[in-house]
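# Examination of the molecular architecture
Take a look at the letters that make up each chain.
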Amino acid sequence: MKANLMRHKNIFFAISLFFVVPSIISLIIFGLKPNIDFTGGSLLEVKVGENKEEFSSTVLQPKLEAIYQLESVQSSENNQLILRGSQINNDQKEQILNVLQENDPQIEEVKFESIGPTLGQELVAETLAAVLILSLLIIVYVWRQFNDIKFGVCAILGMFHDTIILLGSFSLLGHFLGIQVDVLFVTALLTTLSFSIHDTIVIYNRIRELKKNKPKLSLKQIANLAIWETLARSINNSMTIIFMLAALVLLGGATIRWFAVALLIGAIAGTYSSTFTAVPLLVLWEEIKNKKK
């Protein structure tokens, strides 16, 4: 006889709250640290010599403050540096290159792009709209598939659980390590939403099948059976993704490292919430409904 996991649903909720509450507090106090994709600004990528220490933000900020409000200097592969800061034009960019060439005469420009603040605000609005539309579509889809609105609502609550943890993690990383969120972070966020829902629907589908095959069992008993029958599959699938993302975090280039970190956090949170948040919420909903009757 399989252990009754649903008997411990309050413990699962407590674990979720342990991560969700600090994430919400961090978002309220610190917020997220957006990069130029959202705030507007300029990005200049250059190829330098082997001594990158000469081009740290501490060294460059005093030299560039008259023409460029430098926010960060990020190392990339092939001895390349990515400078992010205030919005500048081509003339100012040439002045920056002249300053950099004082340290390295053979410095080469790789990429230059500038984003106005209006475009950045539009991107924020489009991101929020995308998350809202996705959430509504998922509720309607799951509701229609399982003929019960509680399946759709509980799936979305599990998805928001993962979203809040991911946002809160990057809020803390932004405050303590200066990590900024960009378009790649938005991609990771939307990917996390889809990953979480996919795993949740697999378990919900098993619950639906068991309800047909074992109509005398309560939803709590059926949910427990469904979790045990899908747990090994969920863990095995998730671990293959987690191992790959961990390798990217440790061995990947600096330009995709934090994108991989975001996906890794989302994958871990999604694996947990599909089984230990979305399903217990379903059982809790049913218990509250029965008590009202």
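With that settled, consider the nonpolar core. Counting residues in hydrophobic clusters, the biggest one holds 52 residues, and the most contacted among them are Met-6, Phe-170, Tyr-204, Ile-207 and Val-279. The element best represented in this core is helix H7 (residues 183-213), accounting for 11 residues. Setting aside its immediate chain neighbours within four residues, Ile-207 contacts Phe-151, Leu-219, Ile-222, Ala-223, Ala-226, Val-279 and Leu-282. With 17 residues, the next largest nonpolar core counts Val-48, Leu-64, Leu-81 and Ile-107 among its residues.

Before going further, it helps to spend a moment on the packing of aromatic side chains. For any pair of aromatic rings, the description rests on two quantities: the centre-to-centre distance and the angle between the ring planes. Applying the stated criterion to the full structure yields 8 aromatic pairs. Seen in terms of ring centroids, Phe-18 and Phe-19 are 5.2 Å apart; in terms of plane orientation they differ by 90°. Their pairing is edge-to-face. Residue Phe-18 is classed as exposed on the basis of its relative accessible area of 60%.

Once that is clear, we can look at a nonpolar patch on the surface. Taken together, Leu-17, Val-21, Ile-24, Ile-25, Ile-28, Ile-29, Phe-30, Leu-172, Phe-176 and Leu-177 make up a surface patch of nonpolar side chains, about 990 Å² in accessible area. Those elements that provide at least two residues to the nonpolar patch are helix H1 (9-29) and helix H6 (149-177). Among the elements that line the nonpolar patch, the one with the most residues is H1, at 6 residues. Looking at where Ile-29 falls in the secondary structure, it is placed in helix H1. In this structure Ile-29 comes out as exposed when scored by relative accessible area, which is 58%.

On to the layout of surface pockets, then. Here the largest pocket defines a volume of roughly 640 Å³. Gln-74, Arg-84, Asp-182, Ala-254 and Trp-258 are, among the 27 residues lining the largest pocket, the residues nearest its centre. Sort the elements by how many residues they give to the lining of the largest pocket and helix H9 (residues 254-276) lands first, with 5 residues. Taken together, the residues that form the lining of the largest pocket break down as 12 nonpolar, 6 polar and 9 charged. Considered as a void within the structure, the second largest pocket measures approximately 380 Å³ in volume. Lining the second largest pocket are 16 residues, with Leu-32, Thr-127, Leu-128, Leu-167 and Leu-189 sitting closest to its centre. Examining the composition of the lining of the second largest pocket, we find that 5 residues originate from one element, helix H5 (residues 117-146), more than from any other.

The final tally for this structure, using the stated rule, is 9 salt bridges. Put simply, Asp-148 and Lys-150 hold a salt bridge, and the shortest N to O gap is 2.5 Å. Linked by salt bridges that have partners in common, Lys-9, Lys-220 and Glu-287 make up one network.

Quick notes on the rules
- Residues numbered from 1 in each chain as written.
- Predicted model: local features only at pLDDT ≥ 70, side-chain atom pairs only at ≥ 80, totals over all residues.
- Heavy atoms only, no water.
- Core = buried A, V, L, I, M, F, W, Y, C linked by side-chain atoms within 4.5 Å.
- Buried < 20%, exposed > 50% of the residue type's maximum accessible area, 1.4 Å probe, protein only.
- Helix = DSSP H or I, 4+ residues; strand = E, 2+ residues; numbered from the N terminus.
- Contact = heavy atoms within 4.5 Å.
- Phe/Tyr/Trp six-rings, centres within 6.5 Å; stacked < 30°, edge-to-face > 60°.
- Patch = residues over 30% accessible without salt bridge, like charges linked within 9 Å, V, L, I, M, F, W, Y side chains within 5 Å.
- Areas by Shrake-Rupley, 256 points an atom, 1.4 Å probe, with all protein chains shown as cover.
- Salt bridge = Lys/Arg side-chain N within 4 Å of Asp/Glu carboxyl O.
- 1 Å grid on protein atoms, 1.4 Å probe; cavity = no way out; pocket = protein on both sides within 12 Å on 5 of 7 lines; lining within 4 Å.
- Points joined across faces, edges and corners; volume = space filled by probe spheres on them.
- Nonpolar A, V, L, I, M, F, W, Y, C, P; charged D, E, K, R; others polar.

Just geometry here; none of it tells us what the structure is for.
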